[in-house]
Amino acid sequence: MAQGQGFGIPGIGKMKELADAVKKAQQIQEGAKQLQEDLEQMEIEGQAGDGLVKVFVSGNQEPRRVEIAPDALNEGAEVLADLVSAAMTDAYQKSTDTMRERMESLTGGLNLPNLG
């Protein structure tokens, strides 16, 4: 054996990188499970008509409830339907944004290879 060659085994560095990636993936999997539980418990409000109609959904877009102010009833069925639809859209968007932000913070430390 040539002097200074040592007993280094090729690929050990790559194996450590792989082990670290697997460990990180396991942490993310555990975090994702907790995140799913957290999202199910959240209540996110969407509203329309300056609060005349409020729609509440969970962090994963499950409908919870709708609140309609008595004054909204004076607007007529068509306007009320539009307000409910707008409040639903608002709640859905806020819920989606919350989920995306939480997932990004969960996976932010994972450097995945570019597979594309």
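Everything that follows concerns the structure shown earlier in this document.
Attention here is on the structure that accompanies the text. (Residues numbered from 1 in each chain as written. Predicted model: local features only at pLDDT ≥ 70, side-chain atom pairs only at ≥ 80, totals over all residues. Heavy atoms only, no water.)

**As for the overall build of the protein chain**
For the protein chain, the count of helices and strands is two helices and three strands. Taken from N to C terminus, the helices and strands of the protein chain fall in the order α-β-β-β-α. A burial count over the protein chain gives 22% of its 116 residues as buried. Counting contacts in the protein chain only where the partners sit at least 6 residues apart, residues at least 24 apart contribute 50% of the total. (Helix = DSSP H or I, 4+ residues; strand = E, 2+ residues; numbered from the N terminus. Buried < 20%, exposed > 50% of the residue type's maximum accessible area, 1.4 Å probe, protein only. Contact = heavy atoms within 4.5 Å.)

**Focus on the sheet that holds strand β3 (residues 63–68)**
Taken together, the three strands give an open sheet; going across it, the order is β1-β2-β3, and neighbouring strands pair in antiparallel fashion. On the outer flanks of this sheet lie β1 (44–48) and β3, each paired with one strand and no other. Neighbour-to-neighbour, the strand axes of this sheet turn through a mean angle of 20°, independent of strand direction. Strand contacts of helix α2 (residues 77–107): β1, β2 (53–57) and β3, with the helix running at about 145° to β1, the strand carrying the most contacts. (Pairing = 2+ DSSP bridges. Axes fitted to C-alpha atoms, helices over the stretch in contact; angles between N-to-C directions.)

**Considerations on the environment of Ala87**
With respect to the helices, strands and loops of the structure, Ala87 is situated in helix α2. For Ala87, a relative accessible area of 0% corresponds to the buried category. For the pair Ala87 and Val53, spaced 34 residues apart in sequence, the C-alpha separation works out to 6.5 Å. Setting aside residues no more than four positions away along its own chain, Ala87 makes contact with Gly46, Gln47, Ala48, Val53 and Val55.

**A word on the pairing of β1**
Of the two faces of β1, only one is covered, namely that formed by Ile44, Gly46 and Ala48; the face formed by Glu45 and Gln47 stays uncovered. Where β1 meets β2, five bridges bridge the pair, whose relative direction is antiparallel. By the bridge assignment, Gly46 is partnered in β2 with Val55. In textbook terms, the turn of a hairpin is the stretch between consecutive antiparallel strands, and for β1 and β2 this stretch comprises four residues, one of which, Gly49, has a positive phi near 60°.

**Concerning a nonpolar patch on the surface**
A cluster of nonpolar residues, Val66, Ile68 and Leu73, forms a patch on the protein surface that exposes about 270 Å² of accessible area. The residue Leu73 is located in the loop between β3 and α2 in this model. Among the residues examined, Leu73 registers a relative accessible area of 59% and is labelled exposed. (Patch = residues over 30% accessible without salt bridge, like charges linked within 9 Å, V, L, I, M, F, W, Y side chains within 5 Å. Areas by Shrake-Rupley, 256 points an atom, 1.4 Å probe, with all protein chains shown as cover. Salt bridge = Lys/Arg side-chain N within 4 Å of Asp/Glu carboxyl O.)

Take it as geometry only, folks, not as evidence of what the structure does.
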